[in-house]
Structures are given as structure tokens and as C-alpha cells.
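# Structure at a glance
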Amino acid sequence: MFLSAIVMMKNRRSITVDQHLGNIFMFSKVANVILFFRLDVRMGLLYLTLCIVFLMTCKPPLYLGPEYIKYFSDKTIDEELERDKRVTWIVEFFANWSNECQSFAPIYADLSLKYNCTGLNFGKVDVGRYPDVSTRYKVSTSPLTKQLPTLILFQGGKEVMRRPQIDKKGRAVSWTFSEENVIREFSLNELYQKAKKLSKQRDEGPKEPLEQQELPNGESKKDK
């Protein structure tokens, strides 16, 4: 009964079937460890060892599907954000060992396919690989962190908002990384329309003033 209550609480943040099943199996293993130890300490140690080996060798598969995402390193992220301040960036700070990041990967990729354009770009940086980036952008990478993944919106090269938010005590406010939540919280539809309009104006270029436009006979409208 207690295990069921824990699983239900944990599954409140789950957004995919894989996450739900993963939570159920994980807590089932915990319950089995306790039962084996009560039955025989040696069996408990053996089962615990097998579980640890399984967790270390059988990691969740990486997402390899289509996406419009630019991957940053510790040396390129600041340079890219500052390159063109007219471009809005949404950057995911992730770690490959995080199950939450792996579950969010296909959702983020799908969002990039739908909303990426000249003025609205999507990026990712592996803070597990580049710890100095996690320090600069204040994204915790501890094993018990609730800040992975973190999505940050940059406009004009500056951070505008992030999810999950961080409270005054430095703790992450619980937030569900679903496609609907990202679209709503980051106003992706509005950002996309503004970015498309800006891109269109940039492609058209500055228009010649009306009074300086020439007529077919070589005279200008101003002369007329």
C-alpha cells in the first residue's frame, strides 16, 4: 500500500508511458530488495548487486530522431547567443544520465521541427559534460537535482525566463515538461509569429523612398 502511494506521487510528474513504467519497475525493485533482506541477507545482497549492475550497464536509449537543434559546447554557447541579438533562443540544459532528460528529448525535438525558423532557434548543451556551463547558468547537476532538464529563453543574448523556476531557497519549483506546457509557458506561437515577421522584413530589405522611385520615362515621382 505504501509502495503504491509512492509510485502514484512519483508518477504525477511523468509525461510518457515509459516514465510511468520506469517508476513502477524502480520501486518494485526497492520493495524486492527489502523483502529479500528480510528473508535472507545473502539473497538481499545478491539481488541488490544485480540491480546495481543492471542500472549501470542498461541505460535508456538516446533519441536519434529528426530535429532542428544546435548543440553547444562550453566554448560556443555564449558566442552563439551573442552572435545575432535579433534571434530568440530556447536552450535545453540536459544530462545524458538523466531519465527526465531522455524522456523530454523527443518532445523537444518535435517542438524544434514545428517552431524553428530564422528568428527562433532551438539549442541544447550537455551540462553533465560541461560542468562550467552548469555553474555559469546556475543549473544544478547533482544526482538528486530537480533542475534537469532546464529550459531557458534568451532574447537579445540575455535570459528572459526559465523552467523549472528556482525559489528563494534555491530549490526548483515542480514543473511538468509536456509539449503543451512548453508551448503555453514560453508563448511559442507568439514567438514564432514575431520571428517569421522579422525574418520576412529582413528578407525584403529596406524599401526605396517613394519620392525617389523613378518612372519608366526616367522621371521621378518627385518631379511629377
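Just so we're clear, the structure is a prediction, and the values are computed from it rather than from any experiment.

Within the structure shown, the criterion is met by 8 aromatic pairs. Taking the centre distance of 5.7 Å and the plane angle of 35° together, the rings of Phe104 and Tyr108 count as tilted. Pair noted here: Phe104 and Tyr108 are both in helix H5 (residues 99-115), with a separation of 4 residues, about one helical turn. Tyr108 shares its class with Phe104; the two are buried. Considering the side-chain rings of Tyr115 and Tyr192, the 5.9 Å spacing of their centres and the 85° angle between planes classify their relative orientation as edge-to-face.

Summarising the element assignment, Gly65 is placed in the loop between helix H3 (41-57) and strand E1 (70-72). When the C-alpha positions of Gly65 and Ala105 are compared, they lie 9.4 Å apart, and in sequence the two are 40 residues distant.

Applying the stated criterion across every chain yields a total of 15 salt bridges. In this structure, the salt-bridge partner of Lys75 is Asp74, at a minimum N-O distance of 4.0 Å. As a salt-bridge pair, Glu80 and Arg83 come within 3.3 Å of each other at their nearest N and O atoms. Of this pair, Glu80 and Arg83 both sit in helix H4 (residues 77-83), separated by 3 residues, roughly a single helical turn. Residue classification places Glu80 among the buried positions, given a relative accessible area of 14%. A residue is classified by how much of its surface remains accessible, and Arg83, at 55% relative accessible area, is exposed. Shared partners join several salt bridges into a network, and the residues in it are Asp78, Asp132 and Arg136.

Our focus in this paragraph is the confidence of the model for the protein. In this model, the protein carries a mean pLDDT of 81, and residues with pLDDT of at least 70 account for 74%. This model gives residues 210-215 a pLDDT under 50, and the stretch forms 13 contacts once residues within four places in sequence are excluded. Here residues 220-224 is modelled with pLDDT under 50, and outside its nearest four sequence neighbours on either side it reaches 12 contacts, counting other chains as well.

Conventions used here
- Residues numbered from 1 in each chain as written.
- Predicted model: local features only at pLDDT ≥ 70, side-chain atom pairs only at ≥ 80, totals over all residues.
- Heavy atoms only, no water.
- Phe/Tyr/Trp six-rings, centres within 6.5 Å; stacked < 30°, edge-to-face > 60°.
- Helix = DSSP H or I, 4+ residues; strand = E, 2+ residues; numbered from the N terminus.
- Buried < 20%, exposed > 50% of the residue type's maximum accessible area, 1.4 Å probe, protein only.
- Salt bridge = Lys/Arg side-chain N within 4 Å of Asp/Glu carboxyl O.
- pLDDT = per-residue confidence, 0-100.
- Contact = heavy atoms within 4.5 Å.

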